[in-house]
Amino acid sequence: MKDFSSPAARVRFWNDDPRVKAIVGSAADGIIGIDTRGMIEMFNPAAEKLFGYNADDVIGRNVKYLAAPEYQRDHDQYLRNYLESATAKVIGIGREVKGQRKDGSLFPMYLSVGEIKIDGFHGFVGIAHDLSALHAARQQLAVTGELLQNIIDSMPSIIIGVDAEGHITHWNQLAAAEPRLAQPLEVGQRIDQCYPHLTNQLSRIETAILEQRTLVSQRISVPRDGEVGYVDVMVYPLAQGASAGAVIRIDDITERVRIEEMMIQTEKMMSVGGLAAGMAHEINNPLGIIAQGCQNLTRRLSAELPQNRQLADELGLDLALVERYMEQRGIHRFIDGISEGVARASQIIADMLTYSRRSASSFEPTSLVGLVETTLRLASHDYDLKRNYDFRKIRVLREVALSDDEIWCDRTAIEQVLLNLIRNAAQAMSRGEQQRTPQLTIRLSDDGPYIRVELADNGPGMDGETRKRIFEPFFTTKPVGEGTGLGLSVAYFIVHEQHRGSLRVESAPGRGSCFVMRLPRAPHTSSSQEASS
Amino acid sequence: MSPRVLIIDDEPALCAGLSSFLEDEGIGVQIAASGAEALALAEQNNGLQLCILDMRLPDIDGNQLALRLHQLDPSLRFLIHTGSAAYSPPDSLQRLGISERDVFSKPLLDMGLLVDAIKRLLHD
């Protein structure tokens, strides 16, 4: 047993063996020797570099000052506990702690402590491995991960990463918010378990990875808010690296499809308009012949016209008997039927001709409130004995919240639109079987450069199919003969094409219908150049 | 003396229907199926007072015809009876006193209105 009671003897213990000194001196990790009270007795060059102290500065000082403040308080107690009861927290084990440099800055380090008990010497040796670089790399990784997540979250598409078998690895916010999810997204789930409508994409994922090319499926119909929506699904293979996989991108294109449908709608009207303009003259001539023929028939069969009576006298014909005969055989009903048929056909031609008029020359500043009131007055004369419907039975509510009600419009055309919408609402409400009072609410409100006009009824409403086709030319839900199927389509044309506004409908069965029209306050720039044909 | 009206239209059945109605009203009617026929009749100067004029004729544009007829006889009055719904009298015809209310669209669902217009123009 040697005597290590003097500090000099202890210092010699740490330094005497040149081979040990060489190893300790060349170590990349900080190596610190202490006595059982925690006083530093050895401090290698790596420790000097790590903590920023010269060995001479720290030898003889308590080692706890090399730790972050939160460890210092309990350090003496640690040592005592260990010496009295051998309860090890770090000794013989090692763990990650925070060190403190001379300048007070803190850094992460892995500290392992061993106990030395040889020939009467008792002390501890700590090895401190700097974790700063590792922590910085981890931090960088986290930042990069977050940045990548932010990037994919800010994409306006649903983005889902999958492995070669279709198991989910990543996703963005839109993907998680997708209302069609069958179950919450989870790493390792197969994609079709979360998105049942993507089941047939599984084989495409495989193909995309195998052939290293992007696969695109366009206009896939999916359920959306109780009706049909459309998505584009793209499968991008990941560049083949450590693990094969793919990124699935889903774009909701429902709105675009709707706009395309509307454009097709407008196209249809334009072609109807083009046809009508060419045909109108040809059709109106024969219609004129029929209409005039009916009027001549009626008049020349009447006993009231002197010329008729004169000829009848000459021929010895009793005109009164002829009249009675015609009455009993219903001849006038037939003639009236022909006349009504002509009137209807002529109305259809006139409506179709509206499509061929691109812009009206009679645009002028108009008070929209005044126009609504005029139209309501016109509509109030409208009642139909046959169908037992009377506009005056309808309760009309007006909700006007406008800063200025003046718009630039073709007064007659907008009146036609309003009258059509109001009449349709009135007719729809008279068809409803419910007992409540028919009620029409007209709301006018500011909407940026537009005035928004809403006409809401409490009638029976319409189903999705009807709502989609409601503005289509020749589409009607009215009994044969009561509507030409052109009214709303003409209204749509007037609002969209002539006034550069918009017209759409919100409706569901049992919830009434609300037509929403937006009309620009100011003239659109091209209106002055477009001449009416 | 009954008013004398010239119906100018290339559709014979239409002319027949119109003329029958007008004759029942005691109006004297002549018919021309083309611009050339109408000009020939007007040149004869046989007491025509008013022309009912189709705008689309086989040989001449209706507007042009009205101007030519007016040159032949400035006292002639005109009613337009046209198949195109968007017709509006051009300035050249408005200068002759032809206005929107003198335009009748085919099909004429009430020929009584045409008779009223004839009476209005000829009694002015």
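Let me begin by describing the structure that accompanies this report. Just so we're clear, the structure is a prediction, and the values are computed from it rather than from any experiment.

1. Considering the interface of chain A and chain B
Contacts between chain A and chain B engage 22 residues on the former and 24 residues on the latter. Buried surface at the junction of chain A and chain B, both sides included, amounts to about 2,000 Å², of which 50% is carbon and sulfur. A per-residue breakdown of the area chain A buries against chain B is headed by His 281, Gln 292 and Arg 299 of chain A, which together make up 31% of the total. For the pair chain A and chain B, the interface holds three salt bridges. Residues Arg 300 of chain A and Asp 24 of chain B are paired through a salt bridge, measuring 2.8 Å at the closest nitrogen-oxygen approach. Summed over the shared surface of chain A and chain B, the result is 15 residue pairs in polar contact (both at pLDDT 80 or more). Here the side of chain A that touches chain B gets 14 residues from one element, more than from any other, and that element is helix α10 (residues 254-300) of chain A. Grouping the constituent residues of the side of chain A that touches chain B by class yields eight nonpolar, 10 polar and four charged.

2. Some words on the pattern of salt bridges
Residues and elements named next belong to chain A. Per the counting criterion, the structure on display carries 25 salt bridges over all chains. Where Glu 41 meets Arg 10, a salt bridge forms, and the shortest distance between an N and an O atom there is 2.4 Å. One end of the pair, Glu 41, is in strand β2 (residues 40-43); the other, Arg 10, is in helix α1 (residues 7-15), and 31 residues separate them in sequence. By relative accessible area, Arg 10 is classed as buried at 12%. The salt bridge partner of Asp 251 is Arg 249, with a shortest N-O separation of 2.7 Å. By sharing partners, the salt bridges in this structure join Glu 399, Arg 443, Asp 447, Arg 452, Glu 454 and Arg 518 into a single network.

3. Quick notes on the sheet that holds strand β19 (residues 513-520) of chain A
Residue and element names in this part refer to chain A. Spatially, five strands are ordered β14-β16-β17-β19-β18 in an open sheet, and the strand pairing comes out mixed. Looking at which strands have only one partner, the edges of the open sheet turn out to be β14 (395-401) and β18 (502-507). The average angle at which neighbouring strand axes cross in this sheet is 15 degrees, direction not considered. By the bridge criterion, eight bridges tie strand β16 (residues 439-447) to strand β17 (residues 450-457) in an arrangement that is antiparallel. Bridge assignment links Asp 446 to a residue of β17, and that residue is Ile 451. Along the sheet, helix α15 (residues 411-431) contacts β16, β17, β18 and β19; its crossing angle with β17, the most-contacted strand, is approximately 20 degrees.

4. Things to note about helix α9 (residues 202-211) of chain A
All names here are of chain A. Residues of α9 that are buried include every one of Leu 202, Ile 205, Ala 208 and Ile 209, and no others. Projection of α9 onto a plane perpendicular to its axis shows the buried side chains occupying an angular sector of 120 degrees, all on one side. Of the residues in α9, the exposed ones pointing more than 90 degrees away from the buried face are Glu 206 and Leu 210. A positive phi of about 50 degrees marks Gln 212, the residue just after α9.

5. Considering the packing of aromatic side chains
Residue and element names in this part refer to chain A. Applying the stated rule across the entire model yields 10 aromatic pairs over all chains. Where Phe 471 meets Phe 515, the ring centres are 6.2 Å apart and the plane angle is 80 degrees; that geometry is what we call edge-to-face. Of this pair, Phe 471 sits in the loop between α16 (464-469) and α17 (487-498) while Phe 515 is found in strand β19, placing the two residues 44 residues apart along the sequence. A single burial state applies to Phe 471 and to Phe 515, both of which are buried. Joined through ring pairs, the aromatic side chains of Phe 4, Phe 13, Trp 14 and Phe 121 make up one cluster.

6. What to know about the sheet that holds β2 of chain A
All names here are of chain A. On the basis of which strands lie adjacent, the open sheet formed by five strands has the order β2-β1-β5-β4-β3 and antiparallel pairing. A strand with exactly one partner marks an edge of an open sheet, and here the two such strands are β2 and β3 (95-100). Averaged over neighbouring strand pairs, the angle between their axes works out to 35 degrees when direction is ignored. Direction of pairing for β3 relative to strand β4 (residues 106-118): antiparallel, over a ladder of six bridges. Bridge pairing in β4 places Gly 99 opposite Phe 107. Strands in contact with α1 are β1 (30-35), β2, β4 and β5 (121-130); relative to β5, the strand with the most contacts, it is inclined by about 50 degrees.

7. Notes on the environment of Ala 27 of chain A
All names here are of chain A. Position of Ala 27 among the secondary structure elements: in the loop between α2 (18-26) and β1. Residue Ala 27 is classed as partly exposed on the basis of its relative accessible area of 23%. Apart from residues lying up to four places away in sequence, Ala 27 is in contact with Asn 44 and Ala 46.

Calculation criteria
Residues numbered from 1 in each chain as written. Chains lettered and ligands numbered in written order. Predicted model: local features only at pLDDT ≥ 70, side-chain atom pairs only at ≥ 80, totals over all residues. Heavy atoms only, no water. Contact = heavy atoms within 4.5 Å. Buried area = accessible area lost by both parts, 1.4 Å probe. Salt bridge = Lys/Arg side-chain N within 4 Å of Asp/Glu carboxyl O. Polar contact = N/O pair within 3.5 Å; in protein donor to acceptor, adjacent residues only side chain to side chain. Helix = DSSP H or I, 4+ residues; strand = E, 2+ residues; numbered from the N terminus. Nonpolar A, V, L, I, M, F, W, Y, C, P; charged D, E, K, R; others polar. Buried < 20%, exposed > 50% of the residue type's maximum accessible area, 1.4 Å probe, protein only. Pairing = 2+ DSSP bridges. Axes fitted to C-alpha atoms, helices over the stretch in contact; angles between N-to-C directions. Arc of directions from axis to C-beta. Phe/Tyr/Trp six-rings, centres within 6.5 Å; stacked < 30°, edge-to-face > 60°.

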